[in-house]
Amino acid sequence: MATQLDYPALIKRILLEYTQYKPVYGDIETTVSFDDEHANYALLQSGWDGDDYLHGAIVHIRLIDGKIWIQYDGTEEGVATDLLEAGVPKAHIVLGFRHPSERKYTGLAVA
């Protein structure tokens, strides 16, 4: 089972795996941004889809008080699934993008 000390490395590994998937549309580059000092980790995409320029976060994760806060998740299966499969306890994963009153229904941590 993962420990708190493993979380930055685990998050980085999972996000780097996502960079291997190329969007089926446009000329889009997928990159990561890791900020260990501030415990911020992001999967980003940018590029062109025809005449439209696209840029944004696909996943944004922060470590807050020893828990993994998923601030945004635009993946199909959900990064929480990857974290659970890697052995992270449900009590250590918070879906930050869910309203605080709804988190109790996720089966994961509420804060």
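For the structure itself, look to the data block above.
Quick caveat: nothing in here was measured; it's all calculated off a predicted structure.

**Let's talk about the pattern of salt bridges**
Side chains that carry opposite charge are capable of pairing whenever their charged atoms lie near each other. Tallied over the full model, the rule gives two salt bridges. Across the salt bridge formed by Asp36 and Lys12, the nearest N and O atoms sit 2.8 Å from each other. Linking Asp36 in the loop between strand 1 (27-35) and strand 2 (40-49) with Lys12 in helix 1 (residues 7-18), this pair joins segments that are 24 residues apart in sequence. Lys12 sits in the partly exposed class, given a relative accessible area of 21%. With a closest N to O distance of 2.8 Å, Arg13 and Glu17 form a salt bridge. Here the residue Arg13 and the residue Glu17 both occupy positions in helix 1, the gap between them amounting to four residues, near one helical turn. Judged by relative accessible area, Glu17 falls into the partly exposed class, the value being 41%.

**Re the side chain of Thr75**
Structurally, Thr75 can be placed in the loop between strand 4 (67-73) and helix 2 (79-85). Judged by its relative accessible area of 15%, Thr75 falls in the buried class. There is a polar contact of 2.6 Å between the side chain of Thr75 and the side chain of Asp73. In this structure the side chain of Thr75 is engaged in a polar contact, spanning 3.1 Å, whose partner is the backbone nitrogen of Gly78. The residues contacting Thr75, other than those within four sequence positions of it, are Tyr18, Ile58 and Val59.

Conventions we followed
Residues numbered from 1 in each chain as written. Predicted model: local features only at pLDDT ≥ 70, side-chain atom pairs only at ≥ 80, totals over all residues. Heavy atoms only, no water. Salt bridge = Lys/Arg side-chain N within 4 Å of Asp/Glu carboxyl O. Helix = DSSP H or I, 4+ residues; strand = E, 2+ residues; numbered from the N terminus. Buried < 20%, exposed > 50% of the residue type's maximum accessible area, 1.4 Å probe, protein only. Polar contact = N/O pair within 3.5 Å; in protein donor to acceptor, adjacent residues only side chain to side chain. Contact = heavy atoms within 4.5 Å.

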